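Report on the structure
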Amino acid sequence: MHERIVKILIYVLNEARRTNKPIGEIDLAPLEHKGFSTAEISTAFTWLFDRLRSGGETKNTIAETDGTSFRVLHPTEQYTVTPEALGYLMQLKGLGIINDAEFETVIERAMISGFERLSMLEIQDIVSSVLFEREDSSGKLMFDSHDTIQ
C-alpha cells in the first residue's frame, strides 16, 4: 500500500519541477482520476510536510543536486539491481524523496534479500519499507477516508 504513496510523491514532486509551482498549488485531479484516494493523497502530503519539518532534503521547490558525487554500484550490485530499478532509485534521490543514507539502505536490503535479480516491484517494496518504517510523532501514518488535515 505504501508503494502508492511513493507514486503520489513522485507525481507531486515531478509536477512541482515541471511547472515550477509550489507543492501546495499542484493540480491533484489527475491523481484522483488514476484511482488514488483522498486518504492516500493526504498521507503523501503528511509524509512530505513531516519530512520538511524534520529537516529532510525534500524542499518546497525541488532540490537541485550539486553533481559533485554519485554512487557507483559494485558489479554484484549492478547485477542484483536492474537498470530500471536503479533509474527508479535515482529518480527518488533526485526528487529528494530518499537521501544518500536511505539510498544505501535500499541497496543493502536488496543485496541481503536473497533474490538473484530484483524486479521493480521488489525494489518498490524495499523503498516503501525504508521510507515508512518510522511512524510520525502521532503514531499514525495512514489516514482513514474520513480523516482531514487541519
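Attention in this report is confined to the structure presented alongside it. For clarity, every value in this text was computed on a predicted model and none was experimentally measured.

Examining the overall build of the protein
Counting secondary structure elements, the protein contains seven helices and zero strands. In the protein, the succession of α and β elements from N to C terminus is α-α-α-α-α-α-α. Taking all 150 residues of the protein together, the buried fraction comes to 39%. If you take every contact in the protein between residues at least 6 apart in sequence, the share linking residues at least 24 apart comes to 71%. Put simply, the protein shows about 8,800 Å² of open surface, and 53% of that area lies on carbon and sulfur atoms.

Describing unusual backbone geometry
Despite not being glycine, Asn-20 shows a phi value in the positive range, around 60°. The residue Asn-20 is located in the loop between α1 (2-19) and α2 (29-33) in this model. Taking relative accessible area as the criterion, Asn-20 reaches 66% and is therefore assigned exposed.

What about the packing of aromatic side chains?
With the rule as written, the count across this model stands at two aromatic pairs. Seen from their ring centres, Phe-45 and Phe-49 are 5.9 Å apart, and the 40° between their planes marks the pair as tilted. One end of the pair is Phe-45 and the other is Phe-49, both in helix α3 (residues 38-53) and four residues apart, which spans about a single turn. Judged by relative accessible area, which is 12%, Phe-45 ranks as buried. Above the plane of the ring of Tyr-79 lies Arg-117, whose end atom (NZ or CZ) is 4.7 Å from the centre.

Topic: helix α7 (residues 120-132)
Relative to the 18 Å expected for 13 residues at 1.5 Å per residue, α7 spans 18 Å between its end C-alpha atoms, a close match to the ideal helical length. The complete set of buried residues in α7 reads Met-120, Ile-123, Gln-124, Ile-126, Val-127, Ser-128, Val-130, Leu-131 and Phe-132. In the core, the buried residues of α7 are packed alongside α1, α3, α5 (83-95) and α6 (100-111).

Comments concerning α3
With 16 residues, α3 ought to run about 22 Å at 1.5 Å a step, and its terminal C-alpha atoms sit 22 Å apart, in line with that. Every buried residue of α3 is accounted for by Ala-39, Glu-40, Ile-41, Ser-42, Thr-43, Ala-44, Phe-45, Thr-46, Trp-47, Leu-48 and Arg-51. For α3, the elements touching its buried residues are α1, α2, α6 and α7.

A word on the nonpolar core
Leu-89 and Ile-97 are the most contacted members of the largest nonpolar core, which totals 39 residues. Those elements that provide at least two residues to this core are α1, α3, α5, α6 and α7. For this core, the leading source of residues is α1, giving nine residues.

Details of the environment of Ile-5
Mapped onto the elements, Ile-5 comes out in helix α1. Linking Ile-5 and Ser-42, residues 37 residues apart in sequence, is a C-alpha distance of 9.2 Å.

A short note on the packing of α5 against α7
The geometry of α5 relative to α7 is characterised by a closest axis approach of 9 Å and an angle of 30° between their N-to-C directions. Between α5 and α7 lies a crossing of right-handed hand. Note on element contacts: α7 touches α5 through Met-120, Ile-123, Gln-124 and Val-127, opposite Glu-84, Ala-85, Tyr-88, Leu-89 and Leu-92. A breakdown of the residues in the contact of α5 with α7 according to their chemical character gives seven nonpolar, one polar and one charged.

Thresholds, definitions, all that
Residues numbered from 1 in each chain as written. Predicted model: local features only at pLDDT ≥ 70, side-chain atom pairs only at ≥ 80, totals over all residues. Heavy atoms only, no water. Helix = DSSP H or I, 4+ residues; strand = E, 2+ residues; numbered from the N terminus. Buried < 20%, exposed > 50% of the residue type's maximum accessible area, 1.4 Å probe, protein only. Contact = heavy atoms within 4.5 Å. Areas by Shrake-Rupley, 256 points an atom, 1.4 Å probe, with all protein chains shown as cover. Phe/Tyr/Trp six-rings, centres within 6.5 Å; stacked < 30°, edge-to-face > 60°. Lys NZ or Arg CZ within 6 Å of the ring centre and 35° of its normal. Expected span 1.5 Å × (residues − 1). Core = buried A, V, L, I, M, F, W, Y, C linked by side-chain atoms within 4.5 Å. Axes fitted to C-alpha atoms, helices over the stretch in contact; angles between N-to-C directions. Left-handed = near helix turned anticlockwise from the far one by under 90°. Nonpolar A, V, L, I, M, F, W, Y, C, P; charged D, E, K, R; others polar.

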